[in-house]
Amino acid sequence: MKTKSILITLFFAIAFSAFGKNGKKEELAFIKENTLFAQQQISLMINALPNPDTANIETIVPYSIDGNDKLATCKKYWWTIGFFPGSLWKLYELSGDKHWLNQAQRWTNRLEYLKTFTGNHDLGFMVYCSFGNAFKLAPKPHYKDIIIESARSLSTRFNPKTSVIKSWNSYKSWDGQTMCYYPVIIDNMMNLELLCEASKMSNNPTFKTIAVTHANTTLKNHFRADFSSYHVVDYDTITGEVKHRITSQGYSDNSTWARGQAWAIYGYTMMYRETKEVDYLKTASAAADYFLKNLPEDGIPWWDFNVGQEGYTPGKNSYALNNPQKFKDASAAAITCSALFELGQLADKPEYIQAAIRMLHTLASPAYRAEAGKNTNFILMHCVGSFAHKSNIDTPLDYADYYFLESLTRYKKFLENN
Ligand code: GLY
């Protein structure tokens, strides 16, 4: 017992040494300042939106900035529609203020229609960030029903022959040469938490079995020897074999798209938490090692780890072909930062917590955190949505803010428990 407590103290001391002179008190003050700032920005954002209870759904959920520097909102089935409600839940978690509970419920309630959506794989993102957080922080039986029904909808995209959930219905490669009819993207790992949770809620193991099967197949087919990841893997529905490995949002088919790698780290960390399957922990750690080893000096990744490098060529229709610029992607950093707070504790590796603390401080610095009332009232600047599609290049994004807030909640819990 005594040895365990010494080890815990040592773990904390190493993790915390990222901070030189700062102690726990200063770090809690850092979290509080960021929480107050986020509350201020998001309040300004809400004040500029129509009434969330009655307005057209496509006008009330912030997504990013449009071409005229105005707020862009989510389309009805846009994959990010759950992140703004999720951010409101995180503000409630961080502040304990009922005002944010009320706001979170208002935006979340508008998303119930999603539960029957089967058009692509994004339901995990859309429903778990909204209703998943709702169920954790202010449980209601109705939320449970929505999560279970959503898991049923998502499961319709699983095929036992391929042993994965189909991400999109089809996809054409950037060089125009390859048509994929069973494309699965690494991002899909993020939809599995909804399935694991739905299994617990419904006592139906099928959802979790699908999640585990998907994670096992992805582990086998989406990674290179150094645990960098491919973005898109296409499957043959007759043989179940891999047909193509290409990219959609990355620089080239053989490159490592930074946000894809972030989803891999987060997804396998979460699947280890849910299953205690050691291979998932190893995968999350190896993917994190790749990410951390290949970061530029300020610790925030370029939008793809291989932009402009020899041996990496974008397809002829990709915007990246004639624009090999290196833009930072703060969204990939925010996702990874949140994942590392969890991974460090699950893997007993204080160096991951150190890396997460450093990343969080960099994101909260003036280089990445907006000035109050600027940046269309989003918190973080300098993200890339999809460079290859020439969309959201060097803009704020709703999911960057969400994972930044989640990182703050995870860091706060870590400090309070150590
Ligand atoms: N599909 C999720 C993403 O763009 O990261």
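In case you missed it, the structure is sitting above this.
Residues numbered from 1 in each chain as written. Predicted model: local features only at pLDDT ≥ 70, side-chain atom pairs only at ≥ 80, totals over all residues. Heavy atoms only, no water.

Colleague: Hey, could you run me through the packing of aromatic side chains in this one?
Modeller: One pair of aromatic rings is described through two measures. These are the centre distance and the angle between the planes. This model, assessed by the stated rule, comprises 31 aromatic pairs. With 5.7 Å between their ring centres and 75 degrees between their planes, Tyr77 and Tyr113 make a pair best called edge-to-face. Of this pair, Tyr77 sits in the loop between strand 2 (71-73) and helix 3 (83-95) while Tyr113 sits in the loop between helix 4 (98-109) and helix 5 (123-137); the two residues are 36 residues apart in sequence, bridging distant segments of the chain. By relative accessible area, which is 22% here, Tyr113 ends up partly exposed. Plain terms: the ring middles of Tyr251 and Trp303 are 6.1 Å apart, the flat faces sit at 70 degrees to each other, and that makes the pair edge-to-face. With Tyr251 in the loop between strand 9 (242-246) and helix 9 (258-275) and Trp303 in the loop between helix 10 (278-293) and helix 11 (330-346), this residue pair connects regions lying 52 residues apart in the sequence. Residue class for Tyr251 comes out buried when judged on its relative accessible area of 5%. Three or more aromatic residues link up through ring pairs in this structure, and these residues are Tyr63, Trp78, Trp79, Phe83, Phe125, Trp263, Tyr266, Tyr399, Tyr402 and Tyr403. Taking the ring centre of Trp302 as reference, the NZ or CZ of Lys328 above it sits at 4.6 Å. (Phe/Tyr/Trp six-rings, centres within 6.5 Å; stacked < 30°, edge-to-face > 60°. Helix = DSSP H or I, 4+ residues; strand = E, 2+ residues; numbered from the N terminus. Buried < 20%, exposed > 50% of the residue type's maximum accessible area, 1.4 Å probe, protein only. Lys NZ or Arg CZ within 6 Å of the ring centre and 35° of its normal.)

Colleague: What's the story with the layout of surface pockets in this structure? I'm lost.
Modeller: Regions of empty space are outlined by a rolling probe, equal in size to a water molecule, passed over the atoms. Of the pockets and cavities examined, the largest pocket occupies roughly 570 Å³. Every residue lining the largest pocket is counted, 29 residues in all, and those nearest its centre are Lys136, Arg273, Glu342, Glu406 and Arg410. Counted by class, the lining of the largest pocket contains 12 nonpolar, 5 polar and 12 charged residues. Of the voids in this model, the second largest pocket is the one considered here, and its volume is about 420 Å³. What lines the second largest pocket is a set of 23 residues, and nearest its centre among them are Trp78, Trp79, Asp122, Trp168 and Gln249. Looking at the lining of the second largest pocket, the elements that each hand over two or more residues are helix 9, strand 10 (383-386) and strand 11 (391-395). Split by residue class, the lining of the second largest pocket holds 11 nonpolar, 9 polar and 3 charged. (1 Å grid on protein atoms, 1.4 Å probe; cavity = no way out; pocket = protein on both sides within 12 Å on 5 of 7 lines; lining within 4 Å. Points joined across faces, edges and corners; volume = space filled by probe spheres on them. Nonpolar A, V, L, I, M, F, W, Y, C, P; charged D, E, K, R; others polar.)

Colleague: Is there a simple way to think about unusual backbone geometry in this case?
Modeller: Note: most residues except glycine have negative phi, and most peptide bonds are trans. One non-glycine residue with positive phi stands out, namely His382, at about 60 degrees. Within the secondary structure layout, His382 lies in the loop between helix 12 (350-363) and strand 10. What makes His382 partly exposed here is its relative accessible area of 27%. Residues other than glycine seldom take positive phi values, yet Asp394 does so here, at roughly 60 degrees. Looking at Asp394, the relative accessible area reads 35%, which means it is partly exposed.

Colleague: In this structure, what is going on with helix 11? I would like to understand it.
Modeller: Given 3.6 residues to a turn, an α-helix orients residues that are three or four positions apart in the same direction. With 17 residues, helix 11 ought to run about 24 Å at 1.5 Å a step, and its terminal C-alpha atoms sit 24 Å apart, in line with that. The largest bend in helix 11 comes to about 25 degrees, at Leu340. For helix 11, a buried count of 15 out of 17 residues is recorded, marking the element as mostly surrounded by other parts of the structure. One or two positions beyond helix 11, positive phi appears at Asp348, with a value near 60 degrees. (Expected span 1.5 Å × (residues − 1). Bend = angle between axes of the 7 residues up to and from the residue.)

Colleague: Help me understand helix 9, please; the structure alone is not making it clear to me.
Modeller: End to end, helix 9 covers 26 Å across 18 residues, agreeing with the expected 26 Å (1.5 Å per residue, within 8%). Counted residue by residue, helix 9 has 16 buried out of 18 residues, so it is predominantly covered. Remark: Lys276 follows helix 9 within two positions and exhibits a positive phi of approximately 65 degrees.

Read these as geometric descriptors, not functional statements.
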